[in-house]
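Residue strings, one per chain:
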Amino acid sequence: MNTNDFKLDTLLSQTLNSRRERYTHTTSNGLNMSWPVKRVAELDGSIILGALMMIHEREDRQICGPIMPQGGIQALECMLYTIDWINSRDDILPDITIGAYVLDDCDKDTYGLEQSVDFIKGSINSLDDTYQCPDGTNPTIRQKKISGVLGAASSATSIQVANLLRLFRIPQVSFFSTSSELSNKQRFEYFLRTVPSDKSQASAMIEIVKQLNWTYVSIIYEESIYGIRAFNDLEELLEQNNICIAIKERLTKDSGVALDDAYDNIVKKLISKQNARGVIVFGSDQEVAMLMKAIKRNNATGLFTWIGSDGWSARSLVFAGNELQVEGTLSVQPSANPVPGFDEYFLSLTPKTNWRNPWFIEYWEHYFNCKWTDSTVTPYNLNYKKICTGDERMSYDNGYEPEGQLQFVSDAVLAFAYALKDMHQELCPSGYRGVCPKMRDSDGSVLLHFIKNVHFKGLANYAFNFADNGDGPARYRIIHYKQLSEGEFGWIQVGEYNDGTLALNLSEIQFHLNDLSVPSSVCSQPCEKGQVKAHIEGEKCCFHCLNCTKYQVLISDTQCIDCPDGYLPDADKITCEPIPEEYMRPDSMWSISALLFSWTGIFLTLFVIFVFIKYNDTPVVRASGRELCFVLLAGILMCYGMTFLLVQKPSNFLCGTQKAGIGFCFSVVYSAILTKTNRISRIFKAGKQSARRPGLISPKSQLLICGGLSIIQIFIVVIWLAFSPPRAIHFYPTREDNQLVCEASINAGYFVAFLYPIFLIVVCTVYAVLTRKIPEAFNESKYIGFTMYTTCIIWLAFIPIYFTSSQSNHIALNLTTMSVSISLSATVTLLCLFTPKIYIIILHPEKNVRQSMMPYNKYGTLKNNTPMTATATLATTSSIRVESATQSDEYEMTDKLRPVNNFIGGGVVNSKVSVGTQTNGNGCLGSTNIELVINNWDNKDIQL
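Residues numbered from 1 in each chain as written. Predicted model: local features only at pLDDT ≥ 70, side-chain atom pairs only at ≥ 80, totals over all residues. Heavy atoms only, no water.

A look at the environment of Leu-330
Among the secondary structure elements, Leu-330 is positioned in strand S15 (residues 330-334). Considering only alpha carbons, one finds Leu-330 and His-480, 150 residues apart in sequence, at a separation of 4.6 Å. Residues within four places of Leu-330 in sequence aside, it is in contact with Ile-208, Leu-212, Trp-306, Ile-307, Gly-308, Ile-478, Ile-479, His-480, Val-494, Ile-509 and Phe-511. (Helix = DSSP H or I, 4+ residues; strand = E, 2+ residues; numbered from the N terminus. Contact = heavy atoms within 4.5 Å.)

This is the structure:
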C-alpha cells in the first residue's frame, strides 16, 4: 500500500471522527446524544455505485434536521428498488450485480462534501496495486472502489461534490439537481443529470406568466446556488419578454435558517406592491413552508398567486396546514410518471424487514410518532411516548404521500446500468459473463463516455437519453393546486411544457373556489388605442397613458411621431395612411360648369368662323380685315380650349402646357386687337397731318405685326420654363389636405404668363380711348373700346377672386375661377367685335352689298342728282356716307369729311367714277347714281 495513500486515508478518518466528536452533546435529561450519527446504507455487488441522499432536512442550529420522508427516504428506497430490478434481470448485466454505498448529506453542501470523501477512498486505494505495507504484507482493501455516484439532490451540494469527483474521474448522475450552472461542461465535465436544467424550468414559468397576461411580477428565490442561478435565468427571460419585477427577495438557506421576522418582512414588501399579484417562488420546500406561514400570520391569504418551482410544489411540507395560502398555485415539475410497483413495495416495508436502510427506523418513528425500542436517540424522538411495535402499516389513509419525481432517481440508476451494459459489450469478449479485466481496469472517463450515449426506456415507460450538455429532456408538467370542493384541496395536472412549447388548459384552472377569473398582475392597465406610455420614474412597467395628437401614430409604446404631409393616422393610430389625392376632375360639378361655358363659346366661335368663311368675299367681311379676324377667332378658340387643360389631373407635361397656353392665347387675341386699333389710329392721324399714305397697313403687314407681338409672349414663356420647369406637386395647405396641383398655381406663378397680356390689354385700352372721337362712320373703334373696357373690369374682378380662392385652398373654385375668367374674356371679345358683323351678314344681307353703302335721301334717291366730277362732289356735298372697316350706319358728314378729302386730294390712285340711272318705285326712270370708288390703301373699298 502506498504510504502517502495510507496517511491520507488515516487523516480523512481522523477528520471525520473529530467532527463526530463535535456533534456529541448532552440532552436536557442527561442523555449523551451524538447528532448526526453517520450511517451508511450498503448493498454488496460486483460494481458499487455511491449515492448522496437528502435523508434529513437542513437545520441551522445543528448539522441535520428531521427526517425527510419524500425526497429522502422514498428516493433512497427507489434507488434500492431499481437496483433490485436490474440485478434480477440477466439480460442487462450477465453475472454482474450492482451494489450501493449510500450516505446522507442533510441537504447541506459542506456536510455533503465531507461525506463524499468516502467515495474517493476506493479510488485512492486502487491507484496502484503493487504497493505493499512496510512489513512486506499486502494491504487489506477496506473501501471498495466507487464506479459512479448518484446525487446529490441539492444543486449546491452537487456543485461541491462534482468538483471533488472530477479530480478522480468519477462520473456523477444527479436526479434532483436542476441549477443551470451545472450545464457548464468546462467546469463539470463528469456531471450529468436525469432532470432538465432550471433554465428550461424558468422558460416554462415565463410562458405561464405570458399566458396569464401578467407583466408585473415578484420573485422570491432561495439563497443558494440553485435559487440564485434560477433567479438570474428568470431575470434575463423576463427582460426579454418585457415583464417587470416588482419585488425580488431572497429566502435564507445556505447562510442558515431565517427567523419569522425575516419572512414577515418579505410578506410586507409583497403587500406593498399589490398590483404584482403574481409571485414566482424558486426555492425548496422547507423555506417555502415558512413563507406560507408568514402569509397566514400577516393576513395576506388570497392576495397572491404563486408560480412554483419543482423544489417545493406538491410537497406536503408546504401545503399541509397551509391549504388556503397555497391555493391557486401553478407549479412546474419535470415530467415524471410513477415508478410501477414502487408504492406497493414501499408500503410493504417495516423496520423488521427493511434491514438495509439504516434510517428507516427513524423514518418509522417520524411517520407514526412513536419510539422504536433501542433506537438511537435523536433531537426529534425524545418526546415520543408511544412505543413502535413494527406492526404498524403505512397507507394513503394515514398520511402516505408518494414523491412524484422518483422516476428521475430510477432513471439515474438505469443510466449507470445501461452504460455498464454497453461498456461490457464493447470491452469484454463476446459471451463473457461477469466483469472482465478490461472493464475492471478502465477508469471513469470510459464509463462517462458510455453514460452520455445511453438510450433506454425506464421503469416509468419514458424513453430517455441525455442532451448534449448532459441534461435530461426538457419535459415538464404543469400542476395546479386548487379547491376541488369546499375544504377539499388537491394537485391536478393542467398542462405540459415540451422543448419550448407550453400547452395550458386554462379552463381547468381555478385560483379560488368557484372563481374562474385570472388575477391581474400588471402595474398599470394597458393603454387604449392611440395612447402612449409615460413611464413613472424608476418604474419600467408603471406608467400613465397619454393621448397622441390628432396627426400622430405610435412607433413604440413610449413614442408618438407625426405622420408626414399627405398622410393621416389610421383609426388605431398604428400606421400612417395616405390621404386620397385631391385635384380638379373633369366629372365634378365645377368642371362641368366650366366646360359647358367653354363648349358654348367654342360652338359660337366655330359658327362665326363658318360664317366668315362662307361670306369671305362679301363687303362686310372684306371690310372687317378678315385676316386679323381669323387670327382673333383662333385666339378666342385657344382661350376656350384652356378650360380643357385646367380641369385635367395635373402632370408635369400638363402643367407646362398650362403655363405656356394661358398667356399665349391671350397674347394672340390682344395682339390682333392692338394691331387693329393701332391701324385705325395711324390712318386718321396720318390723314390729319398729310396726304401721304401710312406705312404697314396692308393685310400682310398687319399679320406680321400681330405675329411679332405674339412671339414676344413665346420668348417670355421659354425663359420662364427654363428657369422654373413645370412640376405637378402635392400641396398640403392643411394637415388633412393632399392636393395634386401645378406648382405655378400655388405661388402666383401663373401671373408671369399674364404680365405680357396685361400689358397688351392696357395698350389696347389706351388706343380705344385715343380713337373714341373718330367719326362714327369708322365705328369699329367703338366696339373695340367697349371690348377693352369690359375686359379690364373682368380682370380687375378676377384677380381678387382668384387670390381669395387660393387662400381658401379650394382647388375646384380656384381653377374654375381662372377657367371662367379666361372664357369670359374670350366671350366679351367674340360678342363685342363680331356680333354687329354677323347681324348684318345673317339678318340684313341687303346691307352687305356695295350699293347699300351709298347715301340716299328720304325718297330713295341720291341726295345730289346733278352729275359732277369727283373733286367737285367731295368739295360741295354736305353729307356723304363713308364705310370703313365694318361701317354700316348712315351718318351725314359735314366738316368731318375732311380726312377723306385729304386722302383723295392727297393723290388716291385708281379711282373711278361710274354714272348710271336708277328707276323709282313705279318703274320710271329716276335720278342718276354717281358712284365714286376710291381704292383704299389696304385694297379695301371705301365707298362714298
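Regarding helix H15 (residues 444-452)
Those residues of H15 that fall on the buried side of the exposure criterion are Gly-444, Leu-447, Leu-448, Phe-450 and Ile-451. Here the buried residues of H15 occupy an arc of 165 degrees about the axis, which is enough to place them on one side. Summarising the contacts, the buried residues of H15 are in contact with strand S8 (146-150), strand S9 (172-174), strand S10 (191-193) and helix H13 (406-427). (Buried < 20%, exposed > 50% of the residue type's maximum accessible area, 1.4 Å probe, protein only. Arc of directions from axis to C-beta.)

Topic: the packing of aromatic side chains
By the definition in use, this model includes 36 aromatic pairs. When the ring of Trp-599 is compared with that of Phe-644, the centres are 5.1 Å apart and the planes differ by 80 degrees; the resulting orientation is edge-to-face. With Trp-599 in helix H16 (residues 589-614) and Phe-644 in helix H18 (residues 626-646), the pair connects residues that are 45 residues apart, well separated along the chain. Through pairs of rings, three or more aromatic residues link up here, namely Tyr-81, Phe-342, Tyr-345, Phe-346, Phe-360, Tyr-363, Trp-364, Tyr-367, Phe-368, Tyr-396 and Tyr-400. A cation sits over an aromatic face here: Lys-659 above Trp-720, 4.3 Å from the ring centre. (Phe/Tyr/Trp six-rings, centres within 6.5 Å; stacked < 30°, edge-to-face > 60°. Lys NZ or Arg CZ within 6 Å of the ring centre and 35° of its normal.)

Concerning the sheet that holds strand S7 (residues 98-104)
Spatially, the six strands line up as an open sheet ordered S3-S7-S4-S8-S9-S10, and their pairing is mixed. What marks the edges here is a single partner per strand, and that holds for strand S3 (41-43) and S10. For this sheet, the mean angle separating the axes of adjacent strands, direction not counted, is 20 degrees. Across seven bridges, strand S4 (residues 47-53) lies against S7 in parallel orientation. What sits directly across from Ile-47, in S7, is Ile-98. In the packing of helix H2 (residues 69-87) onto the sheet, the strands contacted are S3, S4, S7 and S8, and the crossing angle to S7 comes to about 175 degrees. (Pairing = 2+ DSSP bridges. Axes fitted to C-alpha atoms, helices over the stretch in contact; angles between N-to-C directions.)

Notes on unusual backbone geometry
The omega torsion across Gly-151 and Ala-152 is 0 degrees, close enough to zero to call that bond cis. If you trace the backbone, Ala-152 turns up in the loop between S8 and helix H4 (155-167). Despite not being glycine, Asn-461 shows a phi value in the positive range, around 70 degrees. Turning to its location among the elements, Asn-461 is positioned in the loop between strand S18 (455-457) and strand S19 (463-465).

Notes on the packing of H18 against helix H20 (residues 699-723)
In the contact formed by H18 and H20, the axes pass within 9 Å of each other and the chain directions differ by 25 degrees. If you check the angle between H18 and H20, you find them roughly parallel. Across the interface between the two elements, Glu-627, Leu-628 and Val-631 from H18 touch Pro-699, Gln-702, Leu-703 and Cys-706 from H20. In the contact of H18 with H20, the residues fall into five nonpolar, one polar and one charged. (Parallel < 35°, antiparallel > 145°, perpendicular 65-115°, else oblique. Nonpolar A, V, L, I, M, F, W, Y, C, P; charged D, E, K, R; others polar.)

Some words on the packing of H20 against helix H22 (residues 750-770)
In the contact formed by H20 and H22, the axes pass within 10 Å of each other and the chain directions differ by 160 degrees. Overall, the two elements H20 and H22 adopt an arrangement that is roughly antiparallel. The two elements H20 and H22 meet at a crossing, and its hand is right-handed. On H22, the residues that touch Leu-709, Ile-712, Gln-713, Ile-716 and Trp-720 of H20 are Tyr-750, Val-752, Ala-753, Tyr-756 and Pro-757. By residue class, the composition of the contact of H20 with H22 is nine nonpolar, one polar and no charged. (Left-handed = near helix turned anticlockwise from the far one by under 90°.)

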